[in-house]
Amino acid sequence: MGRLRTAVSILLFGTAAACMASPPRAPSEQMSLPASLPNPLVFANGSPVKTRSEWQERRKELLHTFTEQMYGRMPGRPAHMRFEVFDRDPHALGGTATREQVEILFDGRKGGRQMDLLVYIPNHVQHPPVILGLNFWGNETINSDPGIRISERWIESGRNPFVNLSCVSNHRATAACRGINAGRWPVQMILNAGYALATAYRGDLDPDHMGGYAESIRSAYPQLEQGNDNFSTIAAWAWGLSRALDYLETDRKVDAHRVVAFGWSRLGKAAIWAAATDPRFAALISNESGAGGAKLFHHPGGESILHLNTAFPYWFCRTFRQYNGRDTSLPFDQNEVLALVAPRPVYIASAMDDHNSDPRGEFLNAVAVSAVYRFFGVSGLPTAQWPPVNQPILGRVSYHVRSGGHSVTDFDWQQYLRFCNRYVKAKPHFVPIRAKH
Ligand code: GCU
């Protein structure tokens, strides 16, 4: 009966119940790169990648592998997509920012498949870089600004360790939801630092529950449901980030060459796949993305592939299920996904008590992927030593582990803004890359 109840709660509630459904494996103290870790700089046939043009071939091979084995196929830019700006307030947030809200009409039709993008642009900066990330519970939750349109989509409810969702009624947001997640989105801090912030609700793309297919953008592409490399939820979120970037490219108030993909947790997994597949993203910030994100599967500890595929069977494509129980012998790993982002700047962040995300496994990926940065003639993470808690390591590959649990805090944001100041804002988006040979 207990088991039945657990299964039912996994079916019903995405976030809260699923993370309690089966505890993560005990954290592993192992602090060296796993010997079995696949090398992104070696082709599947065993020959090493020696030149930049060979890397382009290897890049295609990796994209193919990860599409087929893990994230599934995703569509391109929809032919009829258009943007409708339905709000532009140059005096938002006490006059410090311009607020824009845009309907991204995927099939060109109002009332069809669409996503609401909320953009805040600091008024004191011309063409600022943009930090773009999906949010968990609706645009109206990230700030109490009464001008933000309240989402009409399905929203999870019930017990949730991360946010108080008592404002949700019949799976719909109410005005009481305004600002409930503002603590994780320090909008004013981001704007003051000279960045625009763009965000959309994950549920506009995929509602993130077992019965959510019909409401998901995935169901607009039934041909991608054929086969086991089906369009997955993580891929749908990543795809949505690229569509938001399509809009930002048309917005002359911001610098679309300097858009940073950001995400926390499952939305960090999506940000990683977005930056890996879409080279237009200038940089990546992964906040506790864990298993299927920045964590190395070959590092024991934290959430397992079996747990991912059991609690959230729609997050990855069906092929990925064949790897249940094979974490440490997987023929590919997440250092190879991050390799697809190199040599663009990347920040990986962990939290000490977030055992599920396996902080050490995330750190070791920062170490592992740095080899690819060196291949490009730039340095990655400046050290291979696990840093003390709350002591960030800033580099083209940056890392910190802060105290506390699974969340996004002001401390995290302060580091991300320092990183962006150094690697995104101060420099042009273009990175001078020296070929190794
Ligand atoms: C669960 C899940 C993680 C995920 C997290 C989140 O804990 O197991 O993989 O990252 O939810 O998105 O908050």
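Residues numbered from 1 in each chain as written. Predicted model: local features only at pLDDT ≥ 70, side-chain atom pairs only at ≥ 80, totals over all residues. Heavy atoms only, no water.

Chemist: Explain the pairing of strand E4 (residues 130-135) to me, and be specific about the residues and the numbers.
Modeler: Most of E4 is tucked away, with six of its six residues classed as buried. Residues of E4 alternate between two faces, with Val130, Leu132 and Leu134 on one and Ile131, Gly133 and Asn135 on the opposite face, all of them buried. Looking at chain direction, E4 and strand E5 (residues 196-201) are connected through six bridges and run parallel. Residue Ile131 lies in a different strand from E5, and its bridge partner there is Leu197. Once you follow E4 into helix H5 (residues 187-192) and on to E5, the crossover reads as right-handed. (Buried < 20%, exposed > 50% of the residue type's maximum accessible area, 1.4 Å probe, protein only. Helix = DSSP H or I, 4+ residues; strand = E, 2+ residues; numbered from the N terminus. Pairing = 2+ DSSP bridges. Right-handed = clockwise from strand over helix to strand, strands pointing away.)

Chemist: Tell me what's going on with the side chain of Asn335, and back it up with residues and numbers.
Modeler: Mapping Asn335 onto the fold places it in helix H9 (residues 334-339). Side-chain polar atoms of Asn335 contact the backbone oxygen of Pro38, separated by 3.0 Å. Excluding residues that lie within four positions of it along the chain, Asn335 makes contacts with Leu37, Pro38, Pro40, Leu296, Asn365, Ala368 and Val369. (Polar contact = N/O pair within 3.5 Å; in protein donor to acceptor, adjacent residues only side chain to side chain. Contact = heavy atoms within 4.5 Å.)

Chemist: Describe the pairing of strand E9 (residues 397-402), naming the residues involved and giving the relevant values.
Modeler: Counted residue by residue, E9 has six buried out of six residues, so it is predominantly covered. Judged from the six bridges that link them, strand E8 (residues 346-351) and E9 form a sheet pairing that is parallel. Each bridged residue has a counterpart across the sheet, and for Tyr347 the counterpart in E9 is Ser398.

Chemist: Pulling in residues and values, what's your account of the domain arrangement of the protein?
Modeler: Assigned domains of the protein: these are domain 1 (1-71 + 257-437) and domain 2 (79-203 + 235-256). Put simply, the middle of domain 1 and the middle of domain 2, counted by C-alpha atoms, are 24 Å apart. Carbon and sulfur atoms supply 66% of the area buried between domain 1 and domain 2, which totals about 3400 Å² over both sides. Linking domain 1 with domain 2 are three salt bridges. Among the ionic pairs, Asp246 bridges to Arg280, the shortest N-O distance being 2.7 Å. One can count 16 residue pairs in polar contact (both at pLDDT 80 or more) joining domain 1 with domain 2. Sorting the residues of the side of domain 1 that touches domain 2 by element identifies helix H2 (15-21), strand E6 (259-264), helix H7 (266-277) and helix H11 (410-425) as the ones contributing at least two each. Examining the composition of the side of domain 1 that touches domain 2, we find that eight residues originate from one element, H11, more than from any other. (Domains from an automatic or database assignment. Buried area = accessible area lost by both parts, 1.4 Å probe. Salt bridge = Lys/Arg side-chain N within 4 Å of Asp/Glu carboxyl O.)

Chemist: An account of the environment of Gly292 is requested, with residue identities and associated values reported.
Modeler: Within the fold, Gly292 resides in the loop between strand E7 (283-287) and helix H8 (305-311). Remark: the alpha-carbon pair of Gly292 and Pro382, spanning 90 residues in sequence, is separated by 25 Å. Contact partners of Gly292, with chain neighbours within four places excluded, come to Met70, Tyr71, Lys269, Phe297, Leu308, Phe316 and Gln334.

Chemist: Which residues make up the site of the ligand, and what values do they have?
Modeler: Neighbouring residues of the ligand: 12 residues in total, closest Ser265, Arg266, Lys269, Glu303 and Asn356. A distance of 3.2 Å separates an oxygen atom of the ligand from a polar atom in the side chain of His406. Here the ligand loses 97% of its free accessible area of 320 Å² to cover by the protein chains. Those elements that place two or more of their residues in the shell around the ligand are H7 and H8. The class makeup of the residues in the shell around the ligand is five nonpolar, four polar and three charged. (Near = heavy atom within 4 Å. Areas by Shrake-Rupley, 256 points an atom, 1.4 Å probe, with all protein chains shown as cover. Nonpolar A, V, L, I, M, F, W, Y, C, P; charged D, E, K, R; others polar.)

Chemist: Which residues make up the sheet that holds E9, and what values go with them?
Modeler: Judged by pairing direction, the sheet is mixed, and its nine strands sit side by side in the order E1-E2-E3-E5-E4-E6-E7-E8-E9 without closing on themselves. The open sheet has two edge strands with one neighbour each: strand E1 (82-91) and E9. Mean inter-strand twist for the sheet, computed between neighbouring axes without regard to direction, equals 15°. In this structure, E1 lies alongside strand E2 (residues 97-105), joined through seven bridges in antiparallel fashion. Within the sheet, the bridge partner assigned to Arg88 lies in E2 and is Glu100. Its contacts with the sheet place helix H6 (residues 233-248) against E1, E2, strand E3 (114-122), E4, E5 and E6, and it is angled at close to 140° to E4. Contacts from H7 reach E4, E6 and E7 within the one sheet, and its direction differs from that of E6 by about 150°. (Axes fitted to C-alpha atoms, helices over the stretch in contact; angles between N-to-C directions.)

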